[in-house]
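Examining the three-dimensional arrangement
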Amino acid sequence: MDMSVTVGAAGGEPQRAKAEAKTIARGANSSDLDAWLEKVEALGELKRITAEVDPDLEAATITYLVGGEKSPALLFENIKGHPGHRALYNMIGCNLSRFCLMIGEQPVDHPLKAVQILQQKLGRKMPPKEISADQAICNQNIVEGDDIDIRIFPAQRMWPLDGGMYLGTGDAVVTKDPETGRINVGTYRMMIKGPREVGVYTSPGKDATIDREKWWKMGKPMPIAAAYGIDPLLFLVAATSLPKTECEYDYYSGISGAPIEVFTSELTGLPLPARAEIVLEGFLYPDETFAEGPFGEFTGYYGRPSGATPFMRVERVRYRDNPTLTCALMADTAANEAGLFWAALRSAGIWADLQKLGVPGIKGVWSIPEAAGWGITVVSIKQMYAGHAPQVMALAAQCTAGAYFGKYVIVVDEDVDPTNVNQVLWAMATRSRPAQSIDILRETWSTYLDPSLNPPEIRPWGSKCLINACMDYRFIKTFSKRTKLSKEAYENVVARWQELGLSGTPPVISVFEDEKSPERIT
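To keep things clear, this report deals only with the structure shown in the data block. (Residues numbered from 1 in each chain as written. Predicted model: local features only at pLDDT ≥ 70, side-chain atom pairs only at ≥ 80, totals over all residues. Heavy atoms only, no water.)

Attention shifts here to the environment of Ala 469. By the element assignment, Ala 469 lies in the loop between β22 (461–468) and α12 (487–495). Accessibility expressed as a relative area gives 0% for Ala 469, which makes it buried. Sequence spacing of Ala 469 and Glu 213 is 256 residues, and the spatial spacing of their C-alpha atoms is 42 Å. Not counting chain neighbours up to four residues away, the residues in contact with Ala 469 comprise Ile 410, Val 411, Val 412, Asp 413, Ala 427, Met 428, Arg 431 and Ser 432. (Helix = DSSP H or I, 4+ residues; strand = E, 2+ residues; numbered from the N terminus. Buried < 20%, exposed > 50% of the residue type's maximum accessible area, 1.4 Å probe, protein only. Contact = heavy atoms within 4.5 Å.)

Attention now goes to unusual backbone geometry. Omega for the peptide link from Gly 293 to Pro 294 comes to 0°, which places this bond in the cis form. Here Pro 294 lies in the loop between β15 (278–292) and β16 (307–319). Look at the link from Arg 459 to Pro 460: it is a cis peptide, with omega at 10°. Tracing the chain through its elements places Pro 460 in the loop between β21 (438–445) and β22. For Phe 405, which is not a glycine, the phi torsion comes out positive at approximately 65°. Position of Phe 405 relative to the elements: it lies in the loop between α9 (388–398) and β20 (408–413).

Spatially, the five strands line up as an open sheet ordered β18-β19-β20-β22-β21, and their pairing is mixed. This sheet does not close on itself; its edge strands, each paired only once, are β18 (362–367) and β21. Pairwise comparison of adjacent strand axes, ignoring direction, gives a mean angle of 20° for this sheet. Pairing geometry for β18 and strand β19 (residues 376–381), over five bridges, is antiparallel. Its bridge partner lying in β19, Trp 366 is registered against Val 378. Lying over the sheet, α9 contacts β18, β19, β20, β21 and β22, oriented at roughly 155° with respect to β22. (Pairing = 2+ DSSP bridges. Axes fitted to C-alpha atoms, helices over the stretch in contact; angles between N-to-C directions.)

Quick look at the nonpolar core now. Counting residues in hydrophobic clusters, the biggest one holds 106 residues, and the most contacted among them are Trp 36, Phe 99, Leu 236 and Phe 341. Sort the elements by how many residues they give to this core and helix α8 (residues 339–356) lands first, with ten residues. Beyond its immediate stretch of four places on either side in the chain, Phe 341 contacts Ile 92, Phe 99, Met 102, Phe 235, Leu 236 and Ala 239. Grouped together as the second largest cluster of nonpolar side chains are 41 residues, Ala 60, Met 158, Val 198 and Met 222 included. (Core = buried A, V, L, I, M, F, W, Y, C linked by side-chain atoms within 4.5 Å.)

Turning next to the side chain of Asn 184. As for its placement among the helices and strands, Asn 184 is situated in strand β9 (residues 183–186). Those residues in contact with Asn 184 that sit more than four places away from it in its chain are Val 173, Val 174, Thr 175, Asp 207, Ala 208, Asp 211 and Glu 248.

Within helix α1 (residues 32–42) the residues assigned to the buried category are Leu 33, Asp 34, Trp 36, Leu 37 and Val 40. Viewed along the axis of α1, the buried residues span an arc of 165°, placing them on a single side of the element. Turned more than 90 degrees off the buried face of α1, the exposed positions are Glu 38 and Ala 42. Those residues of α1 hidden inside the fold are in contact with β2 (46–49), β3 (73–76), β4 (86–89), α3 (96–102), α6 (232–238) and β17 (324–326). Just downstream of α1, Gly 44 is the residue with a positive phi angle, here 80°. (Arc of directions from axis to C-beta.)

With that settled, the discussion passes to the sheet that holds β4. The strand order across the open sheet built from four strands is β2-β3-β4-β17, with neighbouring strands paired in mixed fashion. The sheet is open, and its two edges are formed by β2 and β17, each paired on a single side. Direction aside, the axes of adjacent strands within the sheet are offset by 20° on average. The pairing of β2 with β3 spans four bridges and is classified as parallel. Residue pairing across strands places Ile 49 opposite Phe 76, the latter belonging to β3. Packed on one face of the sheet, helix α2 (residues 58–66) meets β2, β3 and β4 and runs near 160° to β3.

Quick look at the structure:
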């Protein structure tokens, strides 16, 4: 799982630290995750599970079974073998209202509204706020050196063939570019190797990989920190492909409307999120690897087979009393923890990139959550000139926000809702011409986690299919007229919905017949 959108276990029972953890002065006894969970519970979307649950397969199985449709966040409060610890799954899932809470907004009734809000917020970056270490909630307990045993935390095995217990799934991993000083916050899978060692798998081309290669080229270990029990918004920006020259903390602050609080570690020199509940710090040493994986990935398949992966030598562990471990289940279709927010972020990023490039007529952008979050992107446009649709296809496929992994880019006309898969398939079936409407980009940026690329040695190069599902612009004025509802008839039916004995709420329709029709045909 090397999720920056652009995603042998130790034996025996977990042991408590050999010495008492050093308890230090604390700030307010509440984390950012606590504050978010209070809001989720107020919405009625938090399920507290008090029955004992095993972190080895059982918690993930529960999450998968309930996560295939709109479902609550799952807070496991009684974890086998880990008294006093909690684990949070399905933070967002496929639930639009919790996504809105994540970005600091009230729930909205349509995904594109959330995308537009997020797009605006991505443009208002602000730097983090430095605070003293004694104000950081993660510093309630500090364990160092040989007293460390990271197995006290309820690491998870999510799928039967996973190579070990994974502490890092819903995480925020902090690294630094040794040349520029740029801080990167990413999300990477982290399999436990031993009491003081945890793997850090990063894909080629990801920021942490580039940082690591620079440190190792200098003959130095890379300082690294990993935070868990984090505000879901930090998970969102960490798991997103943002410009490689910029820091995810700045985007977090801009989206939340207030700077994230950090403190600088004297051990690694890295700015650490002060309101995280768990932080590991240490170093990645040149050429120190172990056989990590496989791991059930966001594609719904196991990633690469067990292979050489760098691991962190953990020098310090910081954690609050009774911490919560944030966990992100990677799975097929809607059960993928990151599917919805990856979709929204990728959509907002591509929409913003197209606007920056001066492309007019963009009416909506949506990456389909069930298609591994990034696999299929749909752009709705008002065609304004010859070549407009092909231009949008090419730019959406290779702009900063759209370049990584996505396999299909589909462009539709403005009368098609890009978030409605039924309408998109209808447009493809009735407006595209396979011989003329499909282009292929080759040797594009993909991922080692794509199971379709075989043999694995050809990865991470992939390809993209661009599908023009718009009306042919040359004949757009004479293109067969589609059937549309009468606005008057629609509004009349909506007004009578309950009277008619129909359940739920009527679908929202925005495209109506604009030509004058006979009042009544007899």
